Amino acid sequence: MRIKVNAVTDNATFPEEVDVVVIGGGIIGTSVTYELAKRGVSVALFEKGVIGGEQSGRNWGWVRQQNRDLYELPMAMRSLQRWEELGKETGLDLGFRRHGIAYGTLNEADLAKWEAWGAQAKQLGFVSHLLTASEAQQRIGDRLPWLGGVWSPTDGRAEPSMAAPAIATGAQQRGAFIHQHCAVRGLDISAGRVSGVWTERGLVKTNRVICCGGAWSSRFCKQYGIELPSANILGTAFKTTAAPEVLNGCLSTPNLCIRRRLDGSYTVAIPGRGRLNLAPQNIRYAAKFYPMYRSNIAKQLKVRLNGSFFSGPEAAGTWSNDQVSPFEKIRVLDPAPDKQILREALQTLVELFPDLKGIAIDHAWGGWIDTTPDLVPVIDEMDNVPGLFIAAGFSGHGFGIGPGAGELCGQILTNSRPYTDVTPYRLARFAKGNAIREPQMM
Ligand SMILES: Cc1cc2nc3c(=O)[nH]c(=O)nc-3n(C[C@H](O)[C@H](O)[C@H](O)COP(=O)(O)OP(=O)(O)OC[C@H]3O[C@@H](n4cnc5c(N)ncnc54)[C@H](O)[C@@H]3O)c2cc1C
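Remember, predicted model here, so these are calculated numbers, not experimental data.

Undergrad: Tell me about the site of the ligand, and please be specific about residues and values.
TA: Not every one of the 32 residues close to the ligand is listed here, only the nearest: Glu 47, Ser 56, Val 184, Gly 398 and Gly 400. Measuring from an oxygen atom of the ligand, one finds a backbone N or O atom of Gly 398 at 2.9 Å. For the shell around the ligand, the secondary structure elements donating two or more residues are helix 1 (27-38), helix 2 (55-58), strand 19 (361-371) and helix 12 (398-413). Residue classes in the shell around the ligand are distributed as 14 nonpolar, 14 polar and four charged.

Undergrad: Describe the environment of Ala 164, with residues and values.
TA: Of note, Ala 164 is situated in helix 6 (residues 163-173). On the basis of relative accessibility, which here comes to 0%, the residue Ala 164 falls in the buried class. C-alpha separation for the pair Ala 164 and Pro 403, spaced 239 residues apart in sequence, amounts to 9.7 Å. Excluding anything up to four places from it in sequence, Ala 164 contacts Gly 25, Gly 26, Ile 27, Thr 30, Ile 51 and Gly 52.

Undergrad: Just give me the short version of unusual backbone geometry, but keep the residues and values in it.
TA: At Leu 375, a residue that is not glycine, the phi angle is positive and equals roughly 65°. Position of Leu 375 relative to the elements: it lies in the loop between strand 19 and strand 20 (378-381). Positive phi values are uncommon outside glycine, yet Asn 415 reaches one of about 55°. Structurally, Asn 415 can be placed in the segment after helix 12.

Undergrad: Kindly report on the sheet that holds strand 10 (residues 193-199), identifying the contributing residues and their values.
TA: A sheet is described by the order of its strands in space; here three strands give the open sequence 9-10-11, paired in antiparallel fashion. Either end of the sheet is taken by a strand with one partner, and the two such strands are strand 9 (184-190) and strand 11 (202-205). Between one strand axis and the next, the sheet turns by 35° as a mean value, whatever way the strands run.

Undergrad: Would you mind going over the packing of aromatic side chains in detail, with residue names and values included?
TA: Tallying each qualifying case throughout the model produces 11 aromatic pairs. On the basis of an interplanar angle of 70° and a centroid distance of 5.7 Å, the ring pair of Trp 216 and Phe 327 is categorised as edge-to-face. Here the residue Trp 216 occupies a position in the loop between strand 12 (209-211) and helix 7 (217-222), and Phe 327 occupies one in helix 10 (residues 326-329), the gap between them amounting to 111 residues. Overall, Phe 327 belongs to the buried group, its relative accessible area being 5%. Pairing Trp 319 with Phe 327 gives two aromatic rings, centres 5.4 Å apart and planes at 85°, and the pair type is edge-to-face. The structure contains a cluster of three or more aromatic residues connected by ring pairs, namely Trp 216, Phe 220, Tyr 224, Trp 319 and Phe 327.

Undergrad: Lay out the sheet that holds strand 2 (residues 43-46) with the relevant residues and their values.
TA: Taken in spatial order, the six strands of this open sheet run 8-2-1-12-21-20, and their pairing is mixed. Of all strands in the sheet, those bounded by a partner on one side alone are strand 8 (177-179) and strand 20. Each strand of the sheet is rotated relative to its neighbour by a mean of 15°, with strand direction disregarded. Sheet analysis places strand 12 next to strand 21 (residues 388-392), joined by three bridges and oriented parallel. Bridging from a neighbouring strand, Val 209 pairs with Leu 388 of strand 21. Packing of helix 12 onto the sheet brings it into contact with strand 1 (20-23), strand 12, strand 20 and strand 21, and relative to strand 20 it is tilted by some 10°.

What counts and what doesn't
Residue positions are given per chain, counted from 1 along the sequence in the order it is written. This being a predicted model, a pLDDT of at least 70 is required before a residue's local features are given, and a value of 80 or more before pairs of side-chain atoms are given or counted; all residues contribute to the totals for chains, interfaces and linings. The side-chain values count all of the structure's non-hydrogen atoms but skip hydrogen atoms and water molecules. One heavy atom suffices: a residue is near a molecule or strand as soon as one of its heavy atoms comes within 4 Å of it. Any pair of N or O atoms that falls within 3.5 Å is considered a polar contact. Within protein, one atom must be able to donate a hydrogen and the other to accept it, and sequence-neighbouring residues count only if both atoms are side-chain atoms. Put simply, DSSP marks the helices as runs of H or I at least four residues long and the strands as runs of E at least two long, and each gets a number from the N terminus on. Under the scheme applied here, ten amino acids are nonpolar (Ala, Val, Leu, Ile, Met, Phe, Trp, Tyr, Cys and Pro), four are charged (Asp, Glu, Lys and Arg), and all others, including Gly, are polar. Between buried and exposed lies partly exposed: a residue is buried under 20% and exposed over 50% of the maximum accessible area for its type, with that area taken using a 1.4 Å probe on protein chains only. By the convention used here, residues are in contact when the closest approach between their heavy atoms is within 4.5 Å. Two strands qualify as a pair provided that DSSP identifies no fewer than 2 bridges between them. Lines fitted to C-alpha atoms define the axes, with helix axes restricted to the stretch in contact, and inter-axis angles between N-to-C directions lie between 0 and 180 degrees. Paired rings are identified among Phe, Tyr and Trp, the last through its six-membered ring, by centres lying within 6.5 Å, and are further divided according to the angle between planes into stacked (under 30 degrees), edge-to-face (over 60) and tilted (the rest).

Following this line, the structure appears as structure tokens:
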């Protein structure tokens with residue numbers, strides 16, 4: 001595994017029956033489990049690999065409200081609050097620090113976009129500050145002739161290696177079962193509704209299951225006739241060697257994203273660059289992604305044909321619950337990073353921050369990002385399989401909203417009043433005949 005995440009110890013006993021089963025131990029699954037355990041619900045989380053082993057341990061660590069799709073902003077704002085509270089409630093360090101996020105630009109159109117977004121966000125209660133050219137130079141440095149930027153002081157950063165493991169541990173302390181190296185192969189269905197899950201260790205009875213399987217969710221759901229349009233996009237990032245502090249939060253420029261880490265190094269990447277594998281799932285849903293592929297967001301995507309056509313999260317093929325499933329065959333998705341991105345990002349980093357001369361790549365990694373056609377997640381109960389819920393498709397920005405999404409799912413699963421309107425997250429928006437909204441995230 002190219003990344004390091006804090007280890008979580010499994011429970012000694014394996015449950016026979018629980019109120020809710022959570023599939024997947026990323027930031028979403030662990031947050032849902034925590035929120036349920038906190039409410040006294042009996043809950044078990046099953047993870048095919050290790051907690052935080054896929055996207056949630058591989059991301060840049062940005063905890064962001066700024067530039068979100070406005071549909072997500074209430075959840076992002078609630079999340080920031082939960083990040084702070086979770087550290088206190090669990091007594092564990094999630095690596096969360098509120099050091100703000102800055103964006104810099106050389107392009108007038110970005111400034112106009114941020115200004116318009118900021119006016120709408122303000123109505124929802126979120127305040128950020130447009131930066132003039134000189135303010136941007138002060139905050140970001142003067143190596144490029146910045147036209148301006150935007151600064152959100154209430155945003156933050158957290159450590160992907162620490163967050164999901166800490167939340168899982170917090171859930172365990174409140175009575176949740178956590179079992180790793182234990183894939184959920186499929187659902188047990190009786191009288192038309194969920195009655196349990198088949199894990200690789202046998203049947204666990206339950207009448208509520210939430211699939212938080214990240215890049216694997218669409219393939220899992222397909223077994224039950226559920227069309228969850230998802231494309232997995234490869235992101236590349238690296239950790240630097242320890243280096244002087246040139247910023248203590250996060251910075252995005254057109255060619256570089258950088259975050260200060262707790263250990264005195266940086267996580268670095270290039271925004272908007274990625275790769276898509278030509279695989280059965282992507283072909284099946286290609287038409288639904290048309291608005292995204294023609295938007296600016298997808299301009300820098302490469303497409304490749306490789307082994308993922310036949311195995312992995314986007315392949316075709318079914319299995320039965322007494323067979324080894326695709327989830328057990330790949331315990332942790334661990335794609336190789338794109339070397340060209342690594343070279344370019346390191347060079348841009350030193351050009352932007354000459355004080356970092358001599359900095360090197362400590363280690364680099366790739367991560368498959370599960371993306372929906374409008375870049376908004378799906379959080380919903382499935383009509384055709386009562387008792388099955390989905391929380392997936394967080395589209396490259398689910399780490400920051402993980403705790404807020406977890407709380408929302410906890411409310412939905414316990415039939416409590418959700419703190420925000422869940423209509424934008426319904427799966428039905430992608431149903432046949434519905435026009436798909438162009439991505440609004442900036
Ligand atoms: C390079 C990169 C940079 C990113 N940067 C940011 C950022 O700065 N800020 C931000 O907010 N977001 C960012 N993201 C996105 C963010 O990481 C994801 O949106 C978020 O982590 C998704 O969490 P998740 O729990 O849904 O999925 P995951 O973390 O992928 O977890 C899903 C888990 O489910 C398990 N699983 C799947 N199927 C089964 C099964 N059948 N049985 C048992 N277990 C199963 C998997 O093994 C996996 O561990 C980035 C992502 C990447 C890859």
